[in-house]
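# Tertiary structure, described
If you want the building blocks of each chain, they are given just below.
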Amino acid sequence: MEDRPYVLMSRDEPSQPLASPQMPVQPEPAAIAFCREVLPAVSRTFAMNIPVLPRPLDTAVMVAYLLCRIADTLEDEAHGPASEVLLAELARLSTLPAGWEEDARRFSEEGARVLRAQAPEAEVRLVEGTARVLEALALHAAPVREHVASCVATMTKGMGKMGDKGRASGGGLGLASLEETLEYCYYVAGTVGEMLTRLFQWYSPAIAERAAALEPRAVAFGNALQLTNILKDVREDLERGSCWLPRTLLAEHGLTPEALLEPGNRGEAMKAHGQMVAVAHRELRKAFDYVMALPGQERGIRLFCLWPLFLAVMTLRKLYGNAAVLERQTVKISRRTVKWVVGSTKLLAGQDAALKLMFSTLTAPLPR
């Protein structure tokens, strides 16, 4: 497929060419504009940190994230055989096979039709716009398309394998073991860490030179963020008929996923939750090493990684020992905390010693 000039500018070219009678400003393709519009509605975090990436890496990561979010929506909001069929079709369409345009329009219609009535409006709109997201993918260079398609294929295959294990079934709620929980995290988030690393290396020769340090830690970067989400959304997931916590760990405290929210079990439930916070903390430490392996001169890429990492740290601090996580109220960090993380990391993005001190200080209260 022919690569379009909009996304094939080199890193040394300006992201917005200067207007002149000979060279007018090139308008943004409608498919890219759609992705920019829908992104803040489905992820405030990625809407905040993707713009700090240099072009054309920013649009590559944006499109990749939205395709992964479509898969996540289908897994969460369209249970059963329809979900599995659609996930497999999304993986196929992400390779942009011959005739993908018409097939993508059919996929968009069918995907939106099978979502549950309670599905968030923004996610329904994203699924309805799958054809436009794929059109945006088609604008990118061949290596980008290949890395994104590989990620979507692995993710959707894993979702089909793991999804029903965490939902109410003959075996009950929950995953069998911590190993299964981490395997689930790999498929839905660790794969994204791997893909981001490949995209970073595609964009930056300096990052490609550090592949040996980055690649072994790429999965932990995704896993850490996913574990934090699991721990934050325990009650919400249970109320929707899902649980991604290991049954073996809960059993150590005399619990089952079905009994986790019972008020009489609150003490043991918080002990089990705290053990999982320690696992998330372990993955966050690996994720921090990943960020420190990124060259300091790639400031935008470092900030892209630092923001969700430190927001996850602050979220775990808020969750640890906080029984409200099992109540109906939502436990989340404040906007003031978000602004502090963003401002602090902007100042320290290239200062490794200061970042290490910041990370060590903030994670000190977390269990190991």
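Heads up: the structure comes first, above all this text.
Residues numbered from 1 in each chain as written. Predicted model: local features only at pLDDT ≥ 70, side-chain atom pairs only at ≥ 80, totals over all residues. Heavy atoms only, no water.

### What about the overall build of the protein?
When its secondary structure is counted, the protein shows 17 helices and 0 strands. Against the compact-globule benchmark of 21 Å for 368 residues, the protein has a radius of gyration of 21 Å, which places it among compact chains. Dimensions of the protein, computed from C-alpha atoms along their principal axes, come out at roughly 75 × 50 × 35 Å. Once local pairs closer than 6 in sequence are excluded, the contacts in the protein between residues at least 24 apart make up 75%. In the form shown here, the protein has an accessible surface area of approximately 16,200 Å², with 53% of it arising from carbon and sulfur atoms. Looking at the protein, you have 42 positive and 43 negative side-chain charges, and the mean spots of the two groups are 7 Å apart. (Helix = DSSP H or I, 4+ residues; strand = E, 2+ residues; numbered from the N terminus. Rg over C-alpha atoms; globule rule 2.2 N^0.38 Å. Contact = heavy atoms within 4.5 Å. Areas by Shrake-Rupley, 256 points an atom, 1.4 Å probe, with all protein chains shown as cover. Lys, Arg positive; Asp, Glu negative; His and termini not counted. Charge placed at Lys NZ, Arg CZ, Asp CG, Glu CD.)

### Section: the pattern of salt bridges
Two side chains that carry opposite charge are able to pair once their charged atoms sit near each other. Applying the stated rule across the entire model yields 24 salt bridges. Between K271 and E268 there is a salt bridge; the shortest N-O distance is 3.2 Å. Pair noted here: K271 and E268 are both in helix α14 (residues 266-293), with a separation of 3 residues, about one helical turn. Residue classification places K271 among the partly exposed positions, given a relative accessible area of 48%. Taking the relative accessible area as the measure of exposure, E268 reaches 31% and is therefore partly exposed. (Salt bridge = Lys/Arg side-chain N within 4 Å of Asp/Glu carboxyl O. Buried < 20%, exposed > 50% of the residue type's maximum accessible area, 1.4 Å probe, protein only.)

### Concerning the packing of helix α5 (residues 100-114) against helix α7 (residues 130-138)
Packing of α5 against α7 brings their axes to within 8 Å, and their N-to-C directions diverge by 145 degrees. Side by side, α5 and α7 meet where W100, A104, R105, F107 and S108 of the first sit next to T130, A131, L134, E135 and A138 of the second. (Axes fitted to C-alpha atoms, helices over the stretch in contact; angles between N-to-C directions.)

### Observations regarding helix α16 (residues 335-348)
Here α16 is 14 residues long and its end C-alpha atoms lie 20 Å apart, about the 20 Å a rise of 1.5 Å per residue gives. Close packing links the buried residues of α16 with α2 (44-49), α15 (299-319) and α17 (352-363). (Expected span 1.5 Å × (residues − 1).)

### Some points on the packing of helix α8 (residues 142-162) against helix α9 (residues 178-203)
α9 packs onto α8 with a crossing angle of 180 degrees between their chain directions and a minimal axis gap of 10 Å. As the angle between them shows, α8 and α9 are arranged roughly antiparallel. Contacts from P143, V144, H147, V148, S150, C151, T154, M155, G158, M159, K161 and M162 in α8 reach E180, E183, Y184, Y186, Y187, V188, T191, V192, M195, R198, L199 and W202 in α9. Within the contact of α8 with α9, the residues separate by chemical class into 15 nonpolar, 5 polar and 4 charged. (Parallel < 35°, antiparallel > 145°, perpendicular 65-115°, else oblique. Nonpolar A, V, L, I, M, F, W, Y, C, P; charged D, E, K, R; others polar.)

### A look at the environment of R235
The residue R235 is located in helix α12 (residues 234-239) in this model. Through-space distance from the C-alpha of R235 to that of T330 is 9.4 Å; in sequence the pair is 95 residues apart. Other than its neighbours up to four places away in sequence, R235 contacts L261, V325, L326, E327 and R328. A polar contact is formed between the side chain of R235 and the side chain of E239, at a distance of 2.9 Å. (Polar contact = N/O pair within 3.5 Å; in protein donor to acceptor, adjacent residues only side chain to side chain.)

### What to know about a positive patch on the surface
On the surface, R44, K332, R335 and K339 cluster together into a patch of positive charge. Here K332 is to be found in the loop between α15 and α16. Here K332 falls in the exposed class, since its relative accessible area comes to 53%. (Patch = residues over 30% accessible without salt bridge, like charges linked within 9 Å, V, L, I, M, F, W, Y side chains within 5 Å.)

### Here we look at the packing of aromatic side chains
Applying the stated rule across the entire model yields 9 aromatic pairs. Centroid distance F310 to F359: 6.1 Å. Interplanar angle 75 degrees. Geometry classified as edge-to-face. Pair noted here: F310 is in helix α15 and F359 is in helix α17, with a separation of 49 residues, a long-range link. Judged by relative accessible area, F359 falls into the buried class, the value being 5%. Members of the aromatic cluster, each reached through a chain of ring pairs, are F46, Y65, F200 and F304. (Phe/Tyr/Trp six-rings, centres within 6.5 Å; stacked < 30°, edge-to-face > 60°.)

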